[in-house]
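# Structural description and commentary
One letter stands for each residue in the lines below.
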Amino acid sequence: MSVSLRHVDQVGILTIERPDVHNCLNLETLRTMREHIAALQLDKETRVVIVTGAGEKAFCAGADLKERRTMTESQVQEFIRTIRDTFTELERLNKPVIAAINGAAFGGGTELALSCDLRVVSETALMGLTETSLGIIPGAGGTQRLPRIVGKAKAKELIFTARRISSGEALDIGLVNRVVPADQVLTTALELANEIAQNAPIALAQAKHAIDFGMETDLQTGLAIESNAYQVIIPTKDRLEGLEAFKEKRKPKYRGE
């Protein structure tokens, strides 16, 4: 299986299972990932998703260039469309997604991490959008998501130079949220996921929606998006449970209703 999905309590863990080729992405892997994402979209029991790579060397080394060399131009077009759509579907998942970057993340691997909401990275990992060194450009959202996270000038520098950066620099520029020892990446991601999973799932989904779509507009439109997201929450049982738990000084029991 090229991508596995397992659950730890309320957390789903998507793992790219191709360590022998540094977890690079071929069409089969992307199609399997899309199937899991579609299932997670409908899974109310899963509150948070973690994406990671098998083994200790790589999170994801990007596209499978051996497969790419055998493709016709039309097949390359299909691959680019598939990887772009897969990452967009992951980004639009109705629950928080954490990238547990356990090793190298180059090209499409960094783009995969960019499509997640939060990023926990190994202190020994390297990241980078290296496509221009191969005569191409980032084609799975890298030119759009990176500047939105680290700023336009820094994104241009990283993409133009195709430079690989350390976890420390990634943290400094705001590309990742946390840097931890290599053997603590998944544990830390799980701790963060469990902390998030304690909160109301509908509220989490609407907060994610408001942030993601509000960032693409002017402030007034963003405030309207936030207001609409709040309206979705008002009739939920979880909102009333939160108020009742606060009154009774107990931990709320959210059901996503």
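Just above, that's the structure.
Residues numbered from 1 in each chain as written. Predicted model: local features only at pLDDT ≥ 70, side-chain atom pairs only at ≥ 80, totals over all residues. Heavy atoms only, no water.

## Focus on the overall build of the protein chain
Under the convention used in this document: Helix and strand definitions here come from DSSP, where helices need a minimum of 4 consecutive H or I residues and strands a minimum of 2 consecutive E residues; each element is numbered from the N-terminal end. Note that the radius of gyration is over C-alpha atoms, with the globule rule given as 2.2 Å times the number of residues to the power 0.38. Only protein chains enter the accessibility calculation, which uses a 1.4 Å probe; a residue whose area is less than 20% of its type maximum is buried, one above 50% is exposed, and one in between is partly exposed. It only takes one pair of heavy atoms within 4.5 Å for two residues to be counted as in contact.
Helix and strand content of the protein chain: eleven helices and ten strands. The C-alpha radius of gyration computed for the protein chain amounts to 19 Å, which stays within 12% of the reference 18 Å derived for 257 residues, consistent with globular compactness. Here the C-alpha coordinates of the protein chain stretch approximately 60 × 40 × 35 Å along the principal axes. The buried share of the protein chain, reckoned over its 257 residues, is 48%. The contacts of the protein chain with a sequence gap of at least 6 include a subset with a gap of at least 24, amounting to 68%.

## A few points about the environment of L93
Considering the arrangement of structural elements, one finds L93 in the loop between helix 3 (73-91) and strand 5 (97-101). For L93 and D117, which are 24 residues apart along the polypeptide, the C-alpha to C-alpha distance reads 9.9 Å. Contact partners of L93, with chain neighbours within four places excluded, come to I37, L40, Q41, V49 and K208.

## Section: the environment of D64
Mapped onto the secondary structure, D64 falls in the loop between strand 4 (58-60) and helix 2 (65-69). Since its relative accessible area comes to 11%, D64 is described here as buried. Separated by 13 residues in the primary sequence, D64 and Q77 place their C-alpha atoms 14 Å from one another. Residues contacting D64, with those up to four places away along its chain left out, are R18, C24, L25 and N26.

## Some points on the pairing of strand 5
Convention followed: The pairing criterion for strands is at least two bridges between them, as found by DSSP.
Among the five residues in strand 5, five count as buried, and that is most of the element. Residue alternation in strand 5 divides its side chains into two sets, V97, A99 and I101 and I98 and A100, and both sets are buried. Sheet topology places strand 3 (residues 48-53) next to strand 5; four bridges connect them, and they run parallel. Counted as the bridge partner of V49 is V97 from strand 5. Across four bridges, the pairing between strand 5 and strand 7 (residues 118-122) is parallel. In the strand pairing of strand 7, I98 is matched with L118.

## Looking at the environment of L158
Within the secondary structure, L158 sits in helix 6 (residues 152-161). With 101 residues separating them in the primary sequence, L158 and K57 have C-alpha atoms 22 Å apart. In this view, L158 contacts L129, L146, R163, I165 and I173; residues no more than four positions away in its chain are not counted.

## Some remarks on the sheet that holds strand 4
Taken in spatial order, the four strands of this open sheet run 4-6-8-9, and their pairing is mixed. Unpaired on one side and paired on the other, strand 4 and strand 9 (165-166) mark the two borders of the sheet. Direction of pairing for strand 6 (residues 104-106) relative to strand 8 (residues 126-128): parallel, over a ladder of two bridges. Along strand 8, the bridge assignment pairs F106 with G128.

## Points about the side chain of E91
You can see E91 is positioned in helix 3. Taking the relative accessible area as the measure of exposure, E91 reaches 16% and is therefore buried. Contacts of E91, omitting those with residues within four sequence positions, involve S115, R145, K208 and D212.

## Digging into the packing of helix 1 (residues 27-42) against helix 3
Spelled out, the test is: Fitted lines through C-alpha atoms give the axes, limited to the stretch in contact for helices. The angle between two N-to-C directions lies from 0 to 180 degrees. With respect to orientation, any angle under 35 degrees is reported as roughly parallel, any angle over 145 as roughly antiparallel, any angle of 65 to 115 as roughly perpendicular, and every other angle as oblique. In this scheme the crossing of two helices becomes right-handed for a clockwise turn of the near helix relative to the far one and left-handed for an anticlockwise turn of less than a right angle.
Running from N to C, helix 1 and helix 3 cross one another at 30 degrees; their axes reach a closest spacing of 10 Å. The angle between helix 1 and helix 3 falls in the class roughly parallel. The two elements helix 1 and helix 3 cross, and the hand of that crossing is left-handed. When helix 1 is examined against helix 3, the residues L27, L30, R31, M33, R34 and I37 are found in contact with a partner set consisting of E78, F79, T82, I83, D85, T86, F87, E89 and L90.

## Some words on the packing of helix 5 (residues 142-150) against helix 6
The following threshold applies: Gly falls in the polar group here, along with every residue not listed as nonpolar (Ala, Val, Leu, Ile, Met, Phe, Trp, Tyr, Cys, Pro) or charged (Asp, Glu, Lys, Arg).
Look at helix 5 against helix 6: their axes get within 7 Å of each other, and the N-to-C directions meet at 135 degrees. As summarised for this structure, helix 5 and helix 6 are arranged oblique, according to the angle between their axes. Helix-helix and strand crossings are classified by hand; for helix 5 and helix 6 the assignment is right-handed. Residues G142, T143, L146, P147 and V150 of helix 5 touch helix 6, and the partners they reach there are K152, K154, A155, L158 and I159. Residue composition of the contact of helix 5 with helix 6, grouped by class: six nonpolar, two polar and two charged.

## Observations concerning helix 9 (residues 201-214)
Three- or four-residue spacings in an α-helix give side chains the same orientation, since the helix completes a turn every 3.6 residues. For the record, the criterion: An expected span of 1.5 Å times one less than the residue number is assigned to each helix.
Taking 1.5 Å of rise per residue, 14 residues should cover 20 Å, and helix 9 covers 19 Å from first to last C-alpha, within 8% of that figure. Residues of helix 9 that are buried: P201, L204, A205, Q206, K208, A210 and G214. Here the buried face of helix 9 lies against helix 3, strand 5, helix 8 (185-197), helix 10 (219-233) and helix 11 (237-248).

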